[in-house]
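Structural features, examined
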Amino acid sequence: MSTVLSVTKRETGHRSTLTQLRKGGAIPAVIYGYKLDSTPISISAKEFKKSIQKNGQNSVFSLDLEGKKVNVVVSEVQQCSLKDEVNHVDFLAINMAEELEADVPIKLVGQSVGVSEGGILMQPNLELKVKVKPAELPDSIEVDISSLKVGGSLTVAEIRNQTPVEVISEDDYLLVTIVAPVSAEQEEVTASVEEEQM
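Residues numbered from 1 in each chain as written. Predicted model: local features only at pLDDT ≥ 70, side-chain atom pairs only at ≥ 80, totals over all residues. Heavy atoms only, no water.

**Thoughts on the sheet that holds strand E9 (residues 127–132)**
Judged by pairing direction, the sheet is mixed, and its four strands sit side by side in the order E10-E7-E9-E12 without closing on themselves. On the outer flanks of this sheet lie strand E10 (141–144) and strand E12 (166–167), each paired with one strand and no other. Here strand E7 (residues 100–109) runs beside E10; their pairing, made up of four bridges, is parallel. By the bridge assignment, Val109 is partnered in E10 with Asp144. (Pairing = 2+ DSSP bridges. Helix = DSSP H or I, 4+ residues; strand = E, 2+ residues; numbered from the N terminus.)

Here you go:
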């Protein structure tokens, strides 16, 4: 089942308090949702990172809030781009019996025919929106690209029936496409046109 993480209620309002929390190895966070008022909490940065690495960000976590177990999913993570540290986490309390909507990473599997022929793989969208019960939330959704040729593409419509969970992204949502390689001649033409425009 879910990983249990210990959290502590925290006071709100002071920026200095948040700085002290972070310096002490904790992450300021908030928990809200099912049968719960919005509650400011803090969580061990080390514990949170370890749990995400082990279970993935889409897992259901059980938070121990003053002896009360609350099932949650990670709703949002704010990161500091400079230090690669987590600044804040939003946890959404959930009802395990009710379906929820979540973004799940797309995992491409297989070797595309088009790529073998020199085509370039483009993946414009990295996640799919799904509707599923929390206990059945997958870490990723596999999309087989082995039959994809140069000029070919895959949309949600083509994989919807092969997916074990309900996908709610639109049918024309583009997952992957294989584009033709640019020839050396075309590159030269493009380069010379760019030079003329400078």
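**Side note on a nonpolar patch on the surface**
Among the surface-exposed residues, Ile120, Met122 and Val179 lie close enough to one another that they form a single nonpolar patch of about 220 Å² accessible area. By secondary structure assignment, the location of Met122 is in strand E8 (residues 120–122). (Patch = residues over 30% accessible without salt bridge, like charges linked within 9 Å, V, L, I, M, F, W, Y side chains within 5 Å. Areas by Shrake-Rupley, 256 points an atom, 1.4 Å probe, with all protein chains shown as cover. Salt bridge = Lys/Arg side-chain N within 4 Å of Asp/Glu carboxyl O.)

**Digging into the side chain of Ser169**
Within the secondary structure layout, Ser169 lies in the loop between E12 and strand E13 (174–179). Overall, Ser169 belongs to the buried group, its relative accessible area being 9%. Separated by 2.9 Å, the side chain of Ser169 and the backbone nitrogen of Lys129 make a polar contact. Ignoring sequence-local partners within four residues, the contact set of Ser169 consists of Leu128, Lys129, Val156 and Arg160. (Buried < 20%, exposed > 50% of the residue type's maximum accessible area, 1.4 Å probe, protein only. Polar contact = N/O pair within 3.5 Å; in protein donor to acceptor, adjacent residues only side chain to side chain. Contact = heavy atoms within 4.5 Å.)

**Examining the pairing of strand E3 (residues 36–44)**
Here strand E2 (residues 26–33) pairs with E3 via seven bridges, running antiparallel. Paired with Val30 across the two strands is Pro40, which belongs to E3. Counting the residues in the hairpin turn of E2 and E3 gives two residues, including Lys35, whose phi is positive at 55 degrees.

**Quick look at the pairing of E7**
In this structure, E7 lies alongside E9, joined through six bridges in antiparallel fashion. In the sheet register, Val104 faces E9, and the bridge partner there is Leu128.

**Regarding the nonpolar core**
The biggest cluster of nonpolar side chains holds 23 residues, and the ones touching the most others in it are Leu128, Val130, Val143 and Leu175. Counting residues per element, the ones that place at least two in this core are E7, E9, E10, helix H4 (156–159) and E13. At four residues, the largest contribution of residues to this core is made by E7. Leave out the neighbours within four places in its chain, and Leu128 touches Ala102, Asp103, Val104, Ile106, Ile141, Val156, Ile159, Val167, Ser169, Tyr173 and Leu175. Counting residues in hydrophobic clusters, the runner-up holds 19 residues, among them Ile27, Ile41, Ile43 and Ala93. (Core = buried A, V, L, I, M, F, W, Y, C linked by side-chain atoms within 4.5 Å.)

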